[in-house]
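Each chain, letter by letter, is given below.
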Amino acid sequence: MSEFERMAEVSMTNAERRRQWLDEAVLAPARIVWDDWRARAGLLVVVTYLLLGTVGPLFVSEPKPNQGPLLVGAFRTLEYPLGTTASGTNILSQIVHATPSMLVMITAGAVFTVVLGTAIGTLAGYKGGQTDSVLMTVTDIMMTVPGLPLTIVLATALQIKGNPAVIGVLITINAWAGLARAIRSQVLTIRDDEYVEASRIMGMSTPTIVAGDIIPNLMPYITMNFVQQARAVIFGSVGLYFLGVLPYNKVNWGVMMNAAVNRAGATSSPSAFHWLLMPMLTIIVLALGLTLLAQGADRIFNPRVRARHAKSVASGDGDTPNTGDI
Amino acid sequence: MSYVLKRLGRSFLTIFVVVSASFGLIRLLPGGPLDYLRAQMIQQGGSDLSTAEINRRIAAQTNIAVDEPVYVQYIDYMTAIFRGDFGQSIWYDQSVAGVIGPAIPWTVFLTATALFLAFTVGVSLGAFMAYKEGSTFDVGSTGVGLVLNSTPGYVVALLFIAFLGYRLQLFPTGGRYASELTPGLNVPFLASVLYHGTLPILSMAIVAFGGWALSMRGNSIRVLGEDYLRVARLRGLPTRRIALRYVARNAILPMYTGLMIAIGTVFGGAVIIENIFAYPGIGFYLIQAINARDSPLMMGAFILITVAMVIGITVADLTYGWLDPRAKGGASRESY
């Protein structure tokens, strides 16, 4: 019996296979994330906001005028923990009820950018030649158009309504270009690596090579970018709502800031400052949570770290901690 | 040389595409700015204005002659823009170029200073953090960098204006310079310009330098582990040469794409910052135009912001070729 005809000595049952898949694909990443304090803190923050956006509105009453006395300061009463506005609206209700549409906006913008950027960057980098130069010309043009001003002009000219998903895409309208450029330059180095060349010689189709050999290498970068885009959507949308140049049909953190400054002069009068401060803190904490999560989640894509955390993979690799001394 | 020419050609192409797109936005969209302008005029002039008269006025304001075929309108619009004629502002009742032209240097002053400050401070700090990797200084700065990186510039601007502007009255809360001064090359005027520019510049720079420091730190640590650095040390090269030519150069190179994206971010951010500080730069007029429904002014501001940014990115790109000789060859060889 030749080597090629030999069968595996142990065969796995379906249940075992499922268990291994669960261990490698779900449990190991979860353990890695939990292992790192930054990722843990980031995860807690992000989950809190997700809960705030999904079940939060069920528990916190809808914001409306005259819920309480006017301009109660923050952390003074249990009833209005974050204070009230100049028309007596509960600031906590406003922040919570603004979260769902914010989450939709963030997801739409980040997914749009990452999918388009990765697709164009990989295609251009791997194909090269004519495809590359055409795609990169388009990318360079998009990259040199200033993002926020373009969003403002498009929002005005297109007369869009307040749909959060549309606004999310509009805010990141040309952010994919920067990602595509960066991905392309990484693909340019990967496409000449030995294992990619081996796959090519074995006659694998281009999509298989791209999906199996190229994209996994880019995953850390893509995740980082997903988070950066999420942050960019938060910053951009709140900023533009604050300026009052985007349409809205529900309360929004930026709209709150706009009202605080324009209706109560929150920058010059201390009694209204909390009205401005609370939405600002909301943004910063969410952005910080996303950044921390991205920093820790980075390690999920390191195969060595992964193997160490997976119970079903025999460890024994030579992964020594990086000490950084030379 | 051909690299420079090609790069300049691409920059011109970008501007051409953006101006064409702005024509499309103004002209072709139903219910867009042009229709709005017409409705506005009919409302103002009542029924005494004939259609021809309205068309004539629209043409004067937007460079678009509505009764001509589309391609003629397009050519007219393009030639007018490239001659520097952006039409008439409705709100300010003077030419768009006359409104925005004087604002350009101010926006460039804010953004360029902020970008330069953030980049130099961030890169030096990041290199120093990498050098002291693991120390209290490194951990502390990383924390500060993370928090600053998660703060939008306008939040810092609002905090500045509330505390340093209104509460402590240390800095002015608006304007480009004290109004009693005569602009020119005199010390009081320049001092006043810096004084008024301090808060806007700082609010853009403070939130950006943390990001630069973090990526410089990461890159430097990576470079410090490379084999060629070990070789350089074994060759007994002076530390200064290793730090500048080997570590700094190779650590800064990957940040160049980031720098180009940052030029865009800073121009976008300036739109919000200028409005918070009531600083009459291009971004300030862009928002004024939108609030006043002044589409010629809006498109003019947008085109000029784009041109300013294209120039910035072209300059950055050309210096990249000088820093990294590999870039000139291009990766345009071969395809699979």
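Rules behind the numbers
- Residues numbered from 1 in each chain as written.
- Chains lettered and ligands numbered in written order.
- Predicted model: local features only at pLDDT ≥ 70, side-chain atom pairs only at ≥ 80, totals over all residues.
- Heavy atoms only, no water.
- Helix = DSSP H or I, 4+ residues; strand = E, 2+ residues; numbered from the N terminus.
- Buried < 20%, exposed > 50% of the residue type's maximum accessible area, 1.4 Å probe, protein only.
- Contact = heavy atoms within 4.5 Å.
- Areas by Shrake-Rupley, 256 points an atom, 1.4 Å probe, with all protein chains shown as cover.
- Lys, Arg positive; Asp, Glu negative; His and termini not counted.
- Charge placed at Lys NZ, Arg CZ, Asp CG, Glu CD.
- Salt bridge = Lys/Arg side-chain N within 4 Å of Asp/Glu carboxyl O.
- Polar contact = N/O pair within 3.5 Å; in protein donor to acceptor, adjacent residues only side chain to side chain.
- Patch = residues over 30% accessible without salt bridge, like charges linked within 9 Å, V, L, I, M, F, W, Y side chains within 5 Å.
- Phe/Tyr/Trp six-rings, centres within 6.5 Å; stacked < 30°, edge-to-face > 60°.
- pLDDT = per-residue confidence, 0-100.
- Domains from an automatic or database assignment.
- Buried area = accessible area lost by both parts, 1.4 Å probe.
- Nonpolar A, V, L, I, M, F, W, Y, C, P; charged D, E, K, R; others polar.
- Core = buried A, V, L, I, M, F, W, Y, C linked by side-chain atoms within 4.5 Å.
- UniProt positions renumbered as here; feature names shortened; annotations may be inferred.
- Axes fitted to C-alpha atoms, helices over the stretch in contact; angles between N-to-C directions.
- Left-handed = near helix turned anticlockwise from the far one by under 90°.

An unreviewed UniProt entry lists chain B under the name ABC transporter permease, with Haloferax gibbonsii as the source organism.

Caption draft 1: Broad picture of the overall build of chain B. Scanning chain B from terminus to terminus reveals 15 helices and 0 strands. If one aligns the C-alpha atoms of chain B with their principal axes, the spans along those axes are about 85 × 65 × 35 Å. A burial count over chain B gives 48% of its 336 residues as buried. For chain B, contacts bridging at least 24 residues in sequence account for 70% of all contacts bridging at least 6. Only carbon and sulfur atoms are counted for the fraction: they give 64% of the accessible area of chain B, which is about 15900 Å². Distance between charge centroids for chain B: 15 Å, based on 24 positive and 18 negative side chains.

Caption draft 2: Representation of the interface of chain B and chain A. Counting residues at the interface gives 53 residues for chain B and 53 residues for chain A. Taken together, the connections running from chain B to chain A amount to 1 salt bridge. Its salt-bridge partner being Asp 140 of chain A, residue Arg 10 of chain B comes within 3.3 Å of it at the nearest N-O pair. The tally of links between chain B and chain A comes to 4 residue pairs in polar contact (both at pLDDT 80 or more). If you list the elements that add at least two residues to the side of chain B that touches chain A, you get helix H1 (2-27), helix H7 (136-149), helix H8 (153-167), helix H10 (227-234), helix H12 (256-276), helix H13 (282-291) and helix H14 (295-323) of chain B. The element that contributes the greatest number of residues to the side of chain B that touches chain A is H8 of chain B, accounting for 9 residues.

Caption draft 3: Up close: a nonpolar patch on the surface. Residue and element names in this part refer to chain A. Together, Val 47, Leu 51, Val 55, Leu 58 and Phe 59 make up an exposed nonpolar region whose accessible area comes to about 540 Å². When contributions to the nonpolar patch are tallied by element, the ones reaching two or more residues are helix H2 (37-54) and helix H3 (56-59). On the secondary structure map, Leu 58 appears in helix H3.

Caption draft 4: Structural context of the packing of aromatic side chains. All names here are of chain B. In this structure the tally under the stated criterion is 13 aromatic pairs over all chains. With centroids separated by 5.4 Å and ring planes inclined at 50°, the aromatic side chains of Phe 23 and Tyr 77 adopt a geometry described as tilted. Here Phe 23 is found in helix H1, whereas its partner Tyr 77 is found in helix H4 (residues 70-82), with 54 residues between them in sequence. On the basis of relative accessibility, which here comes to 4%, the residue Phe 23 falls in the buried class. Given the relative accessible area of 2%, Tyr 77 is considered buried.

Caption draft 5: Spotlight on the pattern of salt bridges. Tallied over the full model, the rule gives 5 salt bridges over all chains. Between Arg 222 of chain B and Glu 226 of chain B there is a salt bridge, with its nearest N and O atoms 3.8 Å apart. Residue Arg 222 of chain B is classed as partly exposed on the basis of its relative accessible area of 40%. Within this structure, Asp 140 and Arg 181 of chain A together with Arg 10 of chain B form a network of salt bridges that share partners.

Caption draft 6: How the structure looks around the confidence of the model for chain A. With 88% of its residues at a pLDDT of 70 or more, chain A shows a mean pLDDT of 80. The low-confidence segment residues 315-326 of chain A (pLDDT under 50) makes 6 contacts with residues lying over four places distant or belonging to another chain.

Caption draft 7: Summary view of the confidence of the model for chain B. Residue and element names in this part refer to chain B. Predicted confidence across chain B gives a mean pLDDT of 81, with 92% of residues reaching 70 or more. Looking over chain B, one finds the lowest element-wise mean pLDDT in helix H15 (residues 326-329), namely 57, and the highest in helix H6 (residues 104-131), namely 89. Taken as a whole, residues 330-336 scores under 50 in pLDDT and shows 19 contacts with residues more than four places along the chain or in a different chain.

Caption draft 8: Here's a closer look at the domain arrangement of chain B. All names here are of chain B. When the domains of chain B are assigned, the result is domain 1 (13-85) and domain 2 (101-335). The distance between the C-alpha centroids of domain 1 and domain 2 comes to 37 Å. Taken together, the contact between domain 1 and domain 2 spans 15 residues of the former and 10 residues of the latter. When the two sides are added together, the surface that domain 1 and domain 2 hide from each other amounts to roughly 970 Å², 83% of it contributed by carbon and sulfur. Breaking the side of domain 1 that touches domain 2 down by element, the ones donating at least two residues are H1, helix H2 (33-45), helix H3 (51-62) and H4. Counting residues per element, the side of domain 1 that touches domain 2 draws most heavily on H1, which supplies 7 residues. In terms of residue class, the side of domain 1 that touches domain 2 is made up of 10 nonpolar, 5 polar and no charged.

Caption draft 9: Summary view of the side chain of Glu 274 of chain B. Residues and elements named next belong to chain B. Position of Glu 274 among the secondary structure elements: in helix H12. Using a relative accessible area of 1% as the deciding quantity, one classes Glu 274 as buried. Of the polar contacts made by the side chain of Glu 274, one reaches the backbone nitrogen of Phe 284; its length is 2.9 Å. Contacts of Glu 274, omitting those with residues within four sequence positions, involve Thr 107, Leu 110, Tyr 279, Gly 281, Ile 282, Gly 283 and Phe 284.

Caption draft 10: Highlighting the nonpolar core. Ile 234, Trp 253, Met 257 and Leu 276 of chain A together with Tyr 77, Tyr 154 and Ile 276 of chain B are the most contacted members of the largest nonpolar core, which has 152 residues in total. Per-element tally for this core: the top contributor is H14 of chain B, with 13 residues. Formed jointly, this core draws a minimum of three residues from each of two domains, domain 1 (13-85) and domain 2 (101-335) of chain B. Setting aside chain neighbours within four positions, we find Ile 276 of chain B in contact with Phe 242 of chain A together with Tyr 154, Ala 157, Leu 158, Ile 161 and Thr 173 of chain B. Within the second largest apolar cluster, 12 residues are counted, among which are Val 114, Leu 179, Val 196 and Ile 222 of chain A.

Caption draft 11: A look at unusual backbone geometry. Here Ala 278 of chain B, not a glycine, exhibits a phi torsion of approximately 45°, which is positive. On the secondary structure map, Ala 278 of chain B appears in the loop between H12 and H13.

Caption draft 12: A look at the UniProt feature "domain: ABC transmembrane type-1" (unreviewed entry) in chain B. The feature "domain: ABC transmembrane type-1" (unreviewed entry), as given by UniProt, occupies residues 104-315 of chain B in the numbering adopted here. What you have in residues 104-315 of chain B is 80% helix and 0% strand, and the ends, taken at the C-alpha atoms, are 18 Å apart.

Caption draft 13: Main features of the packing of helix H10 (residues 206-243) of chain A against H12 of chain B. Contact pair H10 of chain A / H12 of chain B: the axes reach a minimum separation of 10 Å and the direction vectors enclose 35°. Pair H10 of chain A / H12 of chain B crosses with left-handed handedness. Taken together, the residues of H12 of chain B that come into contact with H10 of chain A (itself represented by Gly 239, Phe 242 and Leu 243 of chain A) are Val 271, Ile 272, Asn 275 and Ile 276 of chain B. A per-class count over the contact of H10 of chain A with H12 of chain B returns 5 nonpolar, 2 polar and no charged.

Caption draft 14: Seen up close, the UniProt feature "transmembrane region" (unreviewed entry) in chain B. Residue and element names in this part refer to chain B. The positions UniProt marks with the feature "transmembrane region" (unreviewed entry) are residues 12-29, 103-131, 143-166, 193-214, 251-277 and 297-323. Across residues 103-131 one finds 97% helix and 0% strand; the C-alpha atoms that close the span lie 42 Å apart. Split by type, residues 297-323 is 100% helix and 0% strand. Its first and last C-alpha atoms lie 39 Å apart.

Caption draft 15: Representation of the environment of Ser 220 of chain B in the model. Residue and element names in this part refer to chain B. Mapped onto the secondary structure, Ser 220 falls in helix H9 (residues 187-224). Along the sequence, Ser 220 and Val 156 sit 64 residues apart, while their C-alpha atoms lie 29 Å from each other. Setting aside anything within four residues of it in sequence, one finds Ser 220 in contact with Ala 127, Ala 130, Val 247 and Ala 251.

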